[in-house]
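A closer look at the structure
Here is how the chains run, residue by residue.
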Amino acid sequence: MPRGRYSLHDPHDHTPLAHEHFQCAPGPSGWRYVSQLTTSTGDHTGSVDLTLDDLGRPLRLELHAGSWQVRGAALDGVTWVRTDPTGTHATEGNVQAHAFTGTSPAFLIATTRLLRLTPSTPATRLRLVAFTDPVLAPRTVDQSWALVNRQTHTTDNGPLTVDEYQVTALDTGEQHAVHITGDVVLAAPGIELEDLESPPSTFD
C-alpha cells in the first residue's frame, strides 16, 4: 500500500498550493485512493476519497475543499452533487463523460486505469468533468492521451516500470507530459512526489 506526500503548485507560476498526504491500494472492487491536503504550515484544507471499479470507472468520489463538498460516481455518464458551505443549496450535475478529474494526482492514475493504453495504442480521446479549486466548480474538458514511452528501471525493490504519457488539451492544443509508475505519479505539471514510504502497487 503506497503512502507518501505530493507537493502541489500552480503549473504556470509555481505558486505553492498544498501538500497532499496520500495512501492508495488495489482492493476487491478495483483501486482506492485517500488523501488529506494541508498548507505549508500544516492547516487542513481538503481531502480526496476516490474508489475505482476493476475497469477504472469511478465507483465513488468524495472531495472536500474548504467548506465545499462534491460526491460523485459513474452513473449515466458521470453524476455528482455539489454542496455549498451553508449546506442549503446543493446542486446536482450529470454529463455524458468518461470520468472525473481535478488537481489531485489520484485523477491521473484513475485516467490511466480507465484507458489502459499500450505504447502501440493510438492517442485516445476522452471527456472528463474537472472540479476546480478552491470551490470545486465543475467544468467539462476534452483531452487526448497517448502512452509515448515505457522504460523499466532496476531498483533495490525490483524492476520499476515508468510510463510517460502525452496529454493534450483539445480546446487549446496545449500538451504536457505525465510520468507514472504503478499507482504513483512521479511527475506532472503542478505535481511533485516529495516522499514515498513504500513501493507503488502494480496492476495486472
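Up top you'll find the structure we're talking about.
In this text the structure is predicted, and so the values were computed from the model without any measurement.

What counts as what
Residues numbered from 1 in each chain as written. Predicted model: local features only at pLDDT ≥ 70, side-chain atom pairs only at ≥ 80, totals over all residues. Heavy atoms only, no water. Helix = DSSP H or I, 4+ residues; strand = E, 2+ residues; numbered from the N terminus. Buried < 20%, exposed > 50% of the residue type's maximum accessible area, 1.4 Å probe, protein only. Contact = heavy atoms within 4.5 Å. Phe/Tyr/Trp six-rings, centres within 6.5 Å; stacked < 30°, edge-to-face > 60°. 1 Å grid on protein atoms, 1.4 Å probe; cavity = no way out; pocket = protein on both sides within 12 Å on 5 of 7 lines; lining within 4 Å. Points joined across faces, edges and corners; volume = space filled by probe spheres on them. Nonpolar A, V, L, I, M, F, W, Y, C, P; charged D, E, K, R; others polar.

Take the environment of Thr 132 next. Within the secondary structure layout, Thr 132 lies in strand β10 (residues 124-132). Looking at Thr 132, the relative accessible area reads 27%, which means it is partly exposed. Sequence-wise, Thr 132 and Gly 102 are 30 residues apart; in three dimensions their C-alpha atoms are separated by 6.2 Å. In contact with Thr 132, not counting residues within four places along its chain, are Ala 137 and Arg 139.

Looking now at the packing of aromatic side chains. The full count for this structure, using the stated rule, is six aromatic pairs. Note on Trp 80 and Phe 131: the rings are 5.7 Å apart at their centroids and 80° apart in plane angle, and the pair reads as edge-to-face. Here Trp 80 is found in strand β7 (residues 78-83), whereas its partner Phe 131 is found in strand β10, with 51 residues between them in sequence. Pair check on accessibility: Trp 80 and Phe 131 agree, each one buried. Aromatic pair Phe 100 and Phe 131: ring centres 5.6 Å apart, planes at 35°, arrangement tilted. Of this pair, Phe 100 sits in strand β9 (residues 99-101) while Phe 131 sits in strand β10, and the two are 31 residues apart along the sequence. Both residues of the pair, Phe 100 and Phe 131, count as buried.

Take the layout of surface pockets next. Rolled over the atoms, a probe sized like a water molecule indicates the empty space that remains. By volume, the largest pocket is sized at about 950 Å³. Put simply, the parts of the chain that give the lining of the largest pocket at least two residues each are β1 (3-9), β10, β11 (137-155), β12 (158-169) and β13 (175-181). The greatest single-element share of the lining of the largest pocket, amounting to five residues, is contributed by β11. In terms of residue class, the lining of the largest pocket is built from 13 nonpolar, 13 polar and six charged. In this structure, the second largest pocket encloses a volume near 590 Å³. If you go around the second largest pocket, you meet 26 residues; those closest to its centre are Thr 161, Thr 181, Gly 182, Ser 201 and Thr 202. Looking at the lining of the second largest pocket, the elements that each hand over two or more residues are α1 (105-115), β11, β12, β13 and β15 (191-196). Broken down by element, the lining of the second largest pocket gets its largest block of residues, six residues, from β12.

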